[in-house]
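# Observations on the three-dimensional arrangement
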Amino acid sequence: RALLVETDGQQDELRNSVEALTQIVRRQQAQQEELKTSVQALTESVERKQMEEEAWAQNIQASLNALAQNVNTVVVPMQMNYFKPPSEPSTVESASSSSTGKATQQQFRKAIRTYYRLGEKEHCFILGEVPTTALRAGHLFPKWLAKKDHGMYAVRFGFNVNDARNGVLWCTCFEKAWDDQMISFLPLDSGDKVGEQHFELKVMSIKLWDTLLRDVAQDVLPKDQPLPTMYLTKMGDKTFGMMDGTVLKFPASKSGPYRAAFLWQGRAAEFFRRLDGTLPDGINILGAWQMRDTSSPVSRKVREFFASMDAAVPLPVAELGPLAEDSAGLSPPPSVGDLADMVMTGSQQPAAGSEPGACSGNEPEAV
């Protein structure tokens with residue numbers, strides 16, 4: 001009997017222990033469930049936060065893209081419009097339309113003759129000997145742009161507009177086509193004499209291809225003024241298409257012409273001719289210059305500037321016309337900051353009182 005009583009007591013203690021252990025397990029299970037619920041809630045909270053941050057980032061990016069596009073649609077066409085040549089009158093006409101214009105033209109011609117050591121014997125750097133009345137002292141970086149923007153871009157790119165290095169002697173037909181951005185020139189190897197620089201003429205508009213040289217030369221003059229007979233003979237029945245690939249020869253000099261001015265004009269002409277849909281197939285001004293010419297500080301500035309213009313090509317069709325169709329393979333638009341820097345920098349004014357042919361003395365030799 002005593003043994004049975006002891007056994008019953010042990011069984012009661014065992015039951016109590018099992019019951020206590022069961023309660024402990026149940027409490028732990030409840031705590032685990034609570035922990036799972038907390039972890040789930042925390043995970044959902046983190047996911048919601050990530051989604052909110054992603055949506056916020058997308059909204060910010062969309063706003064920045066819209067702002068950049070708005071800047072592109074307003075600033076780029078407005079800025080490029082600065083580089084579009086005036087339709088009428090041309091710089092050739094204005095050069096001889098007044099006594100002041102004639103005096104300035106004569107000064108500039110003299111500066112070019114002196115720089116290239118021509119003496120008093122002038123000639124067209126493309127056609128050779130022509131009547132003096134058929135010759136013009138042209139500006140490589142256009143004088144009309146220097147007047148239009150008070151020299152802002154000339155200073156930015158490092159061109160002294162009235163320096164002899166910015167000049168070329170050529171016939172009125174080439175002067176007109178150059179000012180209208182219908183022809184450009186690509187660099188060639190040096191000429192036969194040390195110091196000579198040669199450039200290849202490229203027709204930049206299919207509209208000009210079949211146009212006679214003499215027709216453009218006549219357009220420069222008043223309707224009742226005939227062209228000199230020798231000039232007509234020199235031009236003959238040549239069209240600009242026949243002149244494509246003709247060499248522009250600069251005589252030997254210390255530094256030659258502003259090479260970057262050719263690059264600048266070519267890129268501007270390429271931009272506008274692509275814009276109006278008349279650019280001939282295969283024209284790639286920058287590619288040609290990169291293959292044929294070494295870089296210079298001014299050339300780099302010109303390249304960077306037009307790279308910004310090219311990157312901003314995805315503009316409204318109403319602004320760009322045929323150009324918008326070719327925008328798919330181009331780079332994305334530049335940042336707002338880049339565009340702001342592009343517009344705001346280089347606002348210096350040229351030194352007052354500069355005379356034609358006056359060298360600034362601080363221009364890079366290899367421009």
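These notes cover the structure that comes with them. Since the model is a prediction, treat every value here as computed from it, not as a measurement. (Residues numbered from 1 in each chain as written. Predicted model: local features only at pLDDT ≥ 70, side-chain atom pairs only at ≥ 80, totals over all residues. Heavy atoms only, no water.)

## A short note on the side chain of Lys202
Tracing the chain through its elements places Lys202 in strand β4 (residues 197-203). Here the side chain of Lys202 touches Asp244 through a polar contact of 3.3 Å, side chain to side chain. Apart from residues lying up to four places away in sequence, Lys202 is in contact with Met182, Ile183, Ser184, Leu186, Asp244 and Ile283. (Helix = DSSP H or I, 4+ residues; strand = E, 2+ residues; numbered from the N terminus. Polar contact = N/O pair within 3.5 Å; in protein donor to acceptor, adjacent residues only side chain to side chain. Contact = heavy atoms within 4.5 Å.)

## Thoughts on the pattern of salt bridges
Per the counting criterion, the structure on display carries ten salt bridges. Arg274 is the partner of Glu270 in a salt bridge, and the nearest nitrogen-oxygen pair spans 3.2 Å. On the criterion of helical spacing, the pair formed by Glu270 and Arg274 is a turn pair, its members being four residues apart in helix α10 (residues 259-275). For Arg274, a relative accessible area of 25% gives the class partly exposed. In this structure, the salt-bridge partner of Asp276 is Arg273, at a minimum N-O distance of 2.9 Å. Assessed through its relative accessible area of 9%, Arg273 is described here as buried. (Salt bridge = Lys/Arg side-chain N within 4 Å of Asp/Glu carboxyl O. Buried < 20%, exposed > 50% of the residue type's maximum accessible area, 1.4 Å probe, protein only.)

## Details of the packing of aromatic side chains
Going through the model one piece at a time under the given rule, you end up with 17 aromatic pairs. Note on Trp178 and Phe262: the rings are 5.7 Å apart at their centroids and 70° apart in plane angle, and the pair reads as edge-to-face. Taken together, the residues Trp178 in helix α6 (residues 172-179) and Phe262 in helix α10 connect sequence positions 84 residues apart. Summarising the burial analysis for this pair, Trp178 and Phe262 share the class buried. One aromatic cluster is present, built from ring pairs that chain together Tyr115, Tyr116, Phe125, Trp170, Trp178, Phe185, Phe199, Phe250 and Phe262. (Phe/Tyr/Trp six-rings, centres within 6.5 Å; stacked < 30°, edge-to-face > 60°.)

## A word on a nonpolar patch on the surface
On the surface, Leu21, Ile24 and Val25 cluster together to form a nonpolar patch covering roughly 240 Å² of accessible area. Relative to the helices and strands, Leu21 resides in helix α1 (residues 2-82). The class for Leu21 is exposed, based on a relative accessible area of 53%. (Patch = residues over 30% accessible without salt bridge, like charges linked within 9 Å, V, L, I, M, F, W, Y side chains within 5 Å. Areas by Shrake-Rupley, 256 points an atom, 1.4 Å probe, with all protein chains shown as cover.)

## Quick notes on the packing of α6 against helix α7 (residues 213-220)
Two elements in contact, α6 and α7, have axes separated by 8 Å at closest approach and are oriented at 80°. With respect to their mutual orientation, α6 and α7 come out roughly perpendicular. Here Thr172, Cys173, Phe174 and Lys176 of α6 lie close against α7, whose contacting residues are Leu213, Val216, Ala217 and Val220. Here the residues of the contact of α6 with α7 are counted per class, giving six nonpolar, one polar and one charged. (Axes fitted to C-alpha atoms, helices over the stretch in contact; angles between N-to-C directions. Parallel < 35°, antiparallel > 145°, perpendicular 65-115°, else oblique. Nonpolar A, V, L, I, M, F, W, Y, C, P; charged D, E, K, R; others polar.)

## Considering α7
Given 3.6 residues to a turn, an α-helix orients residues that are three or four positions apart in the same direction. Of the positions making up α7, those classed as buried are Leu213, Val216, Ala217 and Val220. Viewed along the axis of α7, the buried residues span an arc of 100°, placing them on a single side of the element. (Arc of directions from axis to C-beta.)

## Topic: α10
With 17 residues, α10 should reach 24 Å at 1.5 Å per residue; the first-to-last C-alpha distance of 25 Å fits that figure. Positive phi shows up at Gly277, right after α10, with a value of about 75°. (Expected span 1.5 Å × (residues − 1).)

## Regarding the environment of Pro85
With respect to the secondary-structure elements, Pro85 resides in the loop between α1 and α2 (91-95). A relative accessible area of 16% means that Pro85 is categorised as buried. Along the primary structure Pro85 and Gln181 are separated by 96 residues, whereas in three dimensions their C-alpha atoms are 7.3 Å apart.

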